[in-house]
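Understanding the architecture of this molecule
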Amino acid sequence: MLTDEEKEISSLTLLYLSHQDLTDTTPESLADKYASAFRTIEYALNQTTLGRIREATKTSHKK
């Protein structure tokens, strides 16, 4: 089961890929593109203010 954050990243990843030219893309290549885009988007979100707020919220809830 995906977390809300993973669902958001997955949605953004699919949106990004839907705007790419995937002509002649193999399933393996598509999986690689998805994984790469997912990691890039995840990293980018974590660098934003929202990402820092999420991390601070997670940390405060663990205490």
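Going by the structure above, here's the rest.
Anyway, here's the lowdown on the structure attached to this text.

Comments concerning helix H1 (residues 4-18)
Helix length check: H1 (15 residues) gives 21 Å between terminal C-alpha atoms against 21 Å at 1.5 Å per residue, within 8%. Of the residues making up H1, those classed as buried are Glu5, Ile9, Ser10, Thr13 and Leu17. Along the long axis of H1, the arc covered by the buried residues comes to 130°, so they all point the same way. The exposed set on the far side of H1, more than 90 degrees from its buried face, consists of Asp4 and Ser18.

Things to note about the environment of Thr25
Assignment of secondary structure puts Thr25 in the loop between H1 and helix H2 (27-47). Taking relative accessible area as the criterion, Thr25 reaches 25% and is therefore assigned partly exposed. Residues in contact with Thr25, not counting those within four places in the same chain, are Leu30 and Lys33. Polar contacts involving the side chain of Thr25 include one to the main-chain carbonyl oxygen of Leu22, which spans 2.7 Å.

Some thoughts on the packing of aromatic side chains
Counted by the stated rule, this structure contains one aromatic pair. Between Tyr34 and Phe38, the aromatic rings sit 6.0 Å apart at their centres with planes inclined by 35°, giving tilted as the arrangement. With Tyr34 and Phe38 both in helix H2 and four residues apart, the pair spans about one turn of that helix. Owing to a relative accessible area of 27%, Tyr34 belongs among the partly exposed residues under this scheme.

What counts and what doesn't
Residues numbered from 1 in each chain as written. Predicted model: local features only at pLDDT ≥ 70, side-chain atom pairs only at ≥ 80, totals over all residues. Heavy atoms only, no water. Helix = DSSP H or I, 4+ residues; strand = E, 2+ residues; numbered from the N terminus. Expected span 1.5 Å × (residues − 1). Buried < 20%, exposed > 50% of the residue type's maximum accessible area, 1.4 Å probe, protein only. Arc of directions from axis to C-beta. Contact = heavy atoms within 4.5 Å. Polar contact = N/O pair within 3.5 Å; in protein donor to acceptor, adjacent residues only side chain to side chain. Phe/Tyr/Trp six-rings, centres within 6.5 Å; stacked < 30°, edge-to-face > 60°.

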